There are 2 protein chains.
Amino acid sequence: MKRILVDELVEGMDSLVLLRGWIHKIKSFGKFAFVFLRDKTGVVQLVMEEEEILSQLKLEMSVEVKGVPVKNEKAPGGIEIQVKEIEIIGKTYYDLLPFSINEKKVKATLETELDYRYISLRRPDRRAVFKVQEEIVAAFKQYFKGEGFHEIHTPKIIASGTEGGSEMFTVNYFDRRAFLAQSPQFYKQMMAGAGFESVFEVGHAYRAELHNTWRHLNEYVSLDIETAFIKDENDLMELETGFLKDLIQHLKETCGKELEMYGITLPEIKEIPKIPLAEAQRILLEEYDKKSPAGNIDAEGEILFSQYIQEEYKSDFVFLTKYPASKRPVYTMPDQQCEGATRSFDLIYKGLEITTGGQRIHDYEMLRDNMIRFQLNPEDFGFYLDSFRYGMPPHGGFAIGLERLTMKLLELENIRAATLLPRDMNRMIP
Amino acid sequence: MKRILVDELVEGMDSLVLLRGWIHKIKSFGKFAFVFLRDKTGVVQLVMEEEEILSQLKLEMSVEVKGVPVKNEKAPGGIEIQVKEIEIIGKTYYDLLPFSINEKKVKATLETELDYRYISLRRPDRRAVFKVQEEIVAAFKQYFKGEGFHEIHTPKIIASGTEGGSEMFTVNYFDRRAFLAQSPQFYKQMMAGAGFESVFEVGHAYRAELHNTWRHLNEYVSLDIETAFIKDENDLMELETGFLKDLIQHLKETCGKELEMYGITLPEIKEIPKIPLAEAQRILLEEYDKKSPAGNIDAEGEILFSQYIQEEYKSDFVFLTKYPASKRPVYTMPDQQCEGATRSFDLIYKGLEITTGGQRIHDYEMLRDNMIRFQLNPEDFGFYLDSFRYGMPPHGGFAIGLERLTMKLLELENIRAATLLPRDMNRMIP
C-alpha cells in the first residue's frame, strides 16, 4: 500500500489510505479522541476510539495509520480519517517537550528554538522559512543558467588570506596553516577569465568577525556570480535587477502558502534606483540629520536611507554606487569619470545590505600598481595576480547573502531565524 | 551592438556582427592571416589583412571583433569572419605560455595543468569535464526535488568529531577548537526527523586522510540525501537507481558534445545487481584468486569485481550489500535477517566506490545501546543522540562523491582532473 500525503487527501476517497507522520495534538473526549497527524505537507484529524492504543500515544511520536477519509466540515481541511489501524514506528523518550510546538506561538526564545532545532523545525511555519530559502536558490540557478552562466565549486580551504587575513578562520591542514575562504572572489574571477566567462557558485563563506548581531553569521551561504566581457558595473546591476524580478515571480508561484504564513505580499520590482554613495550621505544628513562614516553609511543609515527610498521611489531596494577606492578591495575598478570613486555598488534591501559587487580591474599592470598603492606586496598574491597575465577580459560580479535575503523577504528580525543551524561567536551546537 | 557567440553564427548572416573572446591561434601568410577566436561556445576563423594590428596580436589576448560572417567551406564550422575592426580589451604579460593550449594534446603533466588551471581550462575539452559535472548536480537536484526532497545547507564547522575524529581537520574557532565536517550525516538525519522528511544537500565534505592517490581528495563535493519513513535499505537503492537512470538520460540530452570529446557512450541503466558483500568476497576468491580484507573489499577487489559484474550482468554498476556491523558506523541499522550484517550498501561504478548508504538506527535506546557496544560514550554524542528522543521515524540515506562520479563517467584516470581546484596533501594552490 502506497503512502498518501496529507495534502493529497481530497473529498470522495472512500477507500482505505495509508498515512505516516507525527502526533501533532491529542484531544481526548473519554470514549473517543481526535488525534492530529502531521506530515511534511500538513495536518489531518484522525478519529480514534480504541482506548488501549490511545493511552500509548504521545505527542511527536512517529506513526503509521490506515484509515478511511470522510468528509467533516468541522475538521481542518474538511476531511477526517476514521482510523482502522495505527502503529507506532518511532518511539519517544522524553518527559516534557522542551517547548510546545502545536500552539499558535512558540513560548521559547530564539536561542532555545535553535538549541532544539530538531523540535522547532517540526512547526510548519519554521520549515516555511527554508522552503522560501530553497526556492531562492532554485530561482538563482535558473536565472543565471538562463543567462549562460556555469555553476562552479571552488575550494573553501585556501592557502593565504590576502583579502583581509585578520577576519579569517585558520585551519590546521596537515602540517601547514590554511584558512577558510571569506568568499570565492579570487576563484570566480579566475574562472571567468579561464574561459567559462560567466560563473556562479552557491557555497559557504566564512567570516571570523567579532560581531554577534542580528545580521551577522560566521558561516553563511553566498550566492556568487562573476561575468566577463562586461561594459561596466551597470551591466551587473542590470543582471541583479533581472534576477530579483524573476525571484519575486518565482516565489509567488512556488511559496504562496509560506509567504501567507508570514503575512508577506511581495511587490513587483520595476526599476531599482541607483544613488551614488556621496548623494546618499548628503540626503541622510539633510533629511535625517544623520552623519555617516567616511566612505560608507552605517547600519542605522541603511535603515533610514531605505525609508527615504521607500517614500521617494516606492522601492524596497536601492543600489548605492560609486564607493570610494579607499573603502573597497584592491581589485575594484576605479571610475575614471568620478575622481576617487570606483565602479562598485552595494544593494540595500529593506534597510540591510544584501549585496556587494562591482567591476574588477582586469589589467595586470593596473592591478599590480594598485596593490602597491594600497601598500600591499604584489608577491603575496601569487597565482591570483599571475592569472592576470594571460588576456584577462573586463569582468565583474557580485555576491548575495542567502540568509540575509531570506530574512528580509520574510521580515524576520534575526538572521539566525533564517539559518538552519547558525554559527556565531557563541554557537557551534547543534 | 549586441555580442554574438560563436555557436550562434549561422550561414546567411551578411551584416556586421560583434564577437568577443580570446586569440586561440594565429596562422600568418604574409599579407593576410587567419586568426582563430575562441569564446566559451567555440572557435571561429577570422580573416585579417592589416599588418599593423596583426603584429600586436598575441595568443590568449582578449579581443573584441566587428566583422562580416561569410561562408567558407574550408573554415571550421563552415563560416569565417571578414574582420572590419579588432580591439584588444585584455592584454597579455607573458613571454611564453606555460604550455600550448591550441594543440590536440596538452604537453604538460596533470600537476602542471593544475598549477595553471587558469590556462588549462581555456581548452574546451578541459571545461567539458565541468559542464558534465554541472549537469550531474542539475540532474541530482531535479530528480530529488521531483521525489519531494528539500534542499538544505548544513554547517561545515562543527563542534565535535565523534564520527571518526582522527580524520578531521581542526579549525581555530575564536578561542575554541572546532572541526570541518566529514559529511552532513548527523544533520541530514536530524532534518529528516525534524519534519522535512526527505532532504538533500550539495556541499563540501572534508577528510584529513593521509592518502595521496588517484581517487582521494581532502576536500570534495558530496551529493547527500536522507529520507524518512522508508521500509528498509532497498528503498534507498531504488532511489539511487532511479536517479542514475535519469542522470544518463539527462547527460545524453545536455552533454552530447562533451561526451563525444571523451569518446563516451553512456549505456542505459536497466537494473543494478545487488550482491551481498560475503558473496562478492567469495566470487573474488574463486574467480580471481583475490583475497579480501575482513568485512570489505579493497581497491583492487573493486576493480576485479566490476569486471565480473560487467561480464555476468552487463552492468557498469553494482550494489554491495549487507556489510558487517563491525565495519560500519555506529548508527547503521542491523539486519535482523542476517546475523552480524547491516542494512547498508556501497555502490561500485566501473571499479570505484562512489556511494555509501544505508538504513539508520532510529530508536533512541537501540542507538544508545549500540554506542555502548561500540565502546563509545553516549554522552559524547550530545545533541545527535538527543534528537532521537522525539519520535524519530525509520530513515536512511546515501552520499555520492561528485568528483568520483564525474571521473568515472568520463573515464578520467585521476580524480584531480575532475576537480576544478583540487585539495590534497600537497596541493593548496591555486
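Residues numbered from 1 in each chain as written. Chains lettered and ligands numbered in written order. Predicted model: local features only at pLDDT ≥ 70, side-chain atom pairs only at ≥ 80, totals over all residues. Heavy atoms only, no water.

Trainee: How would you summarise the overall build of chain A if you had to cite specific residues and measurements?
Mentor: Scanning chain A from terminus to terminus reveals twelve helices and 16 strands. With respect to the principal axes defined by its C-alpha atoms, chain A has extents near 85 × 55 × 40 Å. Within chain A, contacts between residues separated by at least 24 positions form 63% of all contacts whose residues are at least 6 apart in sequence. For chain A, the computed accessible surface area is about 17,900 Å², with 47% contributed by carbon and sulfur atoms. (Helix = DSSP H or I, 4+ residues; strand = E, 2+ residues; numbered from the N terminus. Contact = heavy atoms within 4.5 Å. Areas by Shrake-Rupley, 256 points an atom, 1.4 Å probe, with all protein chains shown as cover.)

Trainee: Residues and numbers for helix α9 (residues 299-313) of chain B, please.
Mentor: All names here are of chain B. Under the 1.5 Å per step criterion, the end-to-end length of α9 is 21 Å for 15 residues, consistent within 8% with the ideal 21 Å. Of the residues making up α9, those classed as buried are Gly301, Glu302, Leu304, Phe305, Ser306, Tyr308 and Ile309. For α9, the secondary structure elements touched by its buried residues are β12 (274-276), α8 (277-288), β13 (317-321), β14 (344-349) and β15 (352-360). At the C-terminal side of α9, Lys314 shows a positive phi close to 50 degrees. (Expected span 1.5 Å × (residues − 1). Buried < 20%, exposed > 50% of the residue type's maximum accessible area, 1.4 Å probe, protein only.)

Trainee: Account for the packing of aromatic side chains, naming residues and giving values.
Mentor: Enumeration according to the criterion identifies 59 aromatic pairs over all chains in this entry. Here Phe317(A) and Tyr349(A) contribute two aromatic rings whose centre-to-centre distance is 4.2 Å and whose plane-to-plane angle is 5 degrees, an arrangement assigned as stacked. One end of the pair, Phe317(A), is in strand β13 (residues 317-321); the other, Tyr349(A), is in strand β14 (residues 344-349), and 32 residues separate them in sequence. Judged by relative accessible area, which is 5%, Phe317(A) ranks as buried. On the basis of relative accessibility, which here comes to 1%, the residue Tyr349(A) falls in the buried class. With a centroid separation of 6.4 Å and 80 degrees between ring planes, the pair formed by Phe99(B) and Tyr116(B) is classed as edge-to-face. Separated by 17 residues along the polypeptide, Phe99(B) in the loop between β5 (79-90) and α2 (110-115) and Tyr116(B) in the loop between α2 and α3 (117-120) bring together distant segments of the chain. One aromatic cluster in this structure is built from Phe140(A), Tyr143(A), Phe144(A), Phe149(A), Phe200(A), Phe243(A), Phe319(A), Phe345(A) and Phe398(A). Cation over ring: Lys58(A) sits above Tyr94(A), and NZ or CZ is 4.2 Å from the ring centre. Lying over the aromatic face of Tyr323(B), Arg328(B) brings its terminal NZ or CZ to 4.0 Å of the ring centre. (Phe/Tyr/Trp six-rings, centres within 6.5 Å; stacked < 30°, edge-to-face > 60°. Lys NZ or Arg CZ within 6 Å of the ring centre and 35° of its normal.)

Trainee: So, empty space enclosed by the protein: which residues are in play, and what are the values?
Mentor: By the definition in use, this model includes four cavities of 30 Å³ or more. Roughly 190 Å³ of volume is contained in the largest cavity. Lining the largest cavity are 19 residues, with Val202(A), Gly203(A), His204(A), Val202(B) and Gly203(B) positioned closest to its centre. Elements with a contribution of two residues or more to the lining of the largest cavity: β10 (198-206) of chain A together with β10 (198-206) of chain B. Of the residues in the lining of the largest cavity, the class split is five nonpolar, six polar and eight charged. Of the volumes computed, that of the second largest cavity is approximately 140 Å³. Listed by contribution, the elements that provide at least two residues to the lining of the second largest cavity are α4 (124-146) and β11 (219-228) of chain A. For the lining of the second largest cavity, the class distribution of residues is eight nonpolar, five polar and four charged. (1 Å grid on protein atoms, 1.4 Å probe; cavity = no way out; pocket = protein on both sides within 12 Å on 5 of 7 lines; lining within 4 Å. Points joined across faces, edges and corners; volume = space filled by probe spheres on them. Nonpolar A, V, L, I, M, F, W, Y, C, P; charged D, E, K, R; others polar.)

Trainee: Got a sec to walk through helix α8 (residues 277-288) of chain A? Specific residues and values, please.
Mentor: All names here are of chain A. Here α8 contains twelve residues, and its C-alpha end-to-end distance of 16 Å stays within 8% of the 16 Å for a straight helix at 1.5 Å per residue. Among the residues of α8, those classed as buried are Leu277, Ala280, Ile283 and Leu284. Angularly, the buried residues of α8 cover 115 degrees about the axis, an arc narrow enough to put them on a single face. In α8, the exposed positions that point more than 90 degrees away from the buried face belong to Ala278 and Glu286. Residues of α8 that are buried sit in contact with β12 (274-276), α9 (299-313) and β13. Looking one or two residues past α8, Asp289 carries a phi angle of roughly 55 degrees, positive in sign. (Arc of directions from axis to C-beta.)

Trainee: So what's going on with the UniProt feature "binding site: L-aspartate" (unreviewed entry) in chain A? Residues and values would help.
Mentor: All names here are of chain A. If you check UniProt for "binding site: L-aspartate" (unreviewed entry), the listed places come out as Glu163, Arg207, Thr356 and Arg360 in our numbering. Take Arg207: it is sitting in the loop between β10 and β11. For Arg207, a relative accessible area of 25% corresponds to the partly exposed category. Discounting chain neighbours no more than four positions away, the residues touching Arg207 are Glu167, Phe169, Gln182, Ser183, Leu217, Asn218 and Tyr220. Summarising the element assignment, Thr356 is placed in strand β15 (residues 352-360). Side chain to side chain, Thr356 and Glu353 meet in a polar contact 3.2 Å long. (UniProt positions renumbered as here; feature names shortened; annotations may be inferred. Polar contact = N/O pair within 3.5 Å; in protein donor to acceptor, adjacent residues only side chain to side chain.)

Trainee: Help me get a handle on the environment of Gly242(A), residues and values and all.
Mentor: Residues and elements named next belong to chain A. Positionally, Gly242 belongs in helix α6 (residues 233-254). Taking the relative accessible area as the measure of exposure, Gly242 reaches 17% and is therefore buried. A sequence separation of 27 residues divides Gly242 from Ile269, and the C-alpha atoms of the two residues are 9.2 Å apart.

Trainee: Can you lay out the interface of chain B and chain A for me, pointing to particular residues and giving the numbers?
Mentor: If you look at the interface, chain B gives 99 residues, while chain A gives 99 residues. Taking both sides of the interface into account, the surface hidden between chain B and chain A amounts to around 8,400 Å²; carbon and sulfur atoms contribute 61%. A per-residue breakdown of the area chain B buries against chain A is headed by Tyr93(B), Tyr390(B) and Met428(B), which together make up 10% of the total. Run the count over chain B and chain A and you get six salt bridges. Notably, a salt bridge pairs Glu134(A) with Lys145(B), separated by 3.9 Å at the nearest N-O pair. Our enumeration of links across chain B and chain A arrives at 48 residue pairs in polar contact (both at pLDDT 80 or more). Residue contributions to the side of chain B that touches chain A peak at nine residues, all from helix α4 (residues 124-146) of chain B. Broken down by class, the residue content of the side of chain B that touches chain A amounts to 52 nonpolar, 19 polar and 28 charged. As defined by bridge partners, strand β8 (residues 170-173) of chain A adjoins strand β8 (residues 170-173) of chain B across three bridges and the pair is classed as antiparallel. Considered in β8(B), the bridge of Val171(A) is made with Val171(B). (Buried area = accessible area lost by both parts, 1.4 Å probe. Salt bridge = Lys/Arg side-chain N within 4 Å of Asp/Glu carboxyl O. Pairing = 2+ DSSP bridges.)

Trainee: Pulling in residues and values, what's your account of the pairing of β13(A)?
Mentor: All names here are of chain A. For β13, a buried count of five out of five residues is recorded, marking the element as mostly surrounded by other parts of the structure. Burial along β13 is two-sided: the face carrying Phe317, Phe319 and Thr321 and the face carrying Val318 and Leu320 are both buried. Inspection of the sheet shows β12 paired to β13 by three bridges, in the parallel sense. Within β13, the residue paired with Lys274 across the bridge is Phe319.

Trainee: If you had to explain the sheet that holds β13(A) to someone new, which residues and values would you point to?
Mentor: Residues and elements named next belong to chain A. Ordered in space as β6-β10-β11-β16-β15-β14-β13-β12, the eight strands form an open sheet in which the pairing is mixed. Since the sheet does not close on itself, it has two edges, and those belong to β6 (150-151) and β12, each with one partner. Here β11 pairs with strand β16 (residues 395-401) via seven bridges, running antiparallel. The residue bridging Ala228 from the neighbouring strand is His395, located in β16. Along the sheet face, α6 touches β11, β12, β13, β14, β15 and β16 and points at about 35 degrees away from the line of β16. Packed on one face of the sheet, α8 meets β12 and β13 and runs near 80 degrees to β12. (Axes fitted to C-alpha atoms, helices over the stretch in contact; angles between N-to-C directions.)

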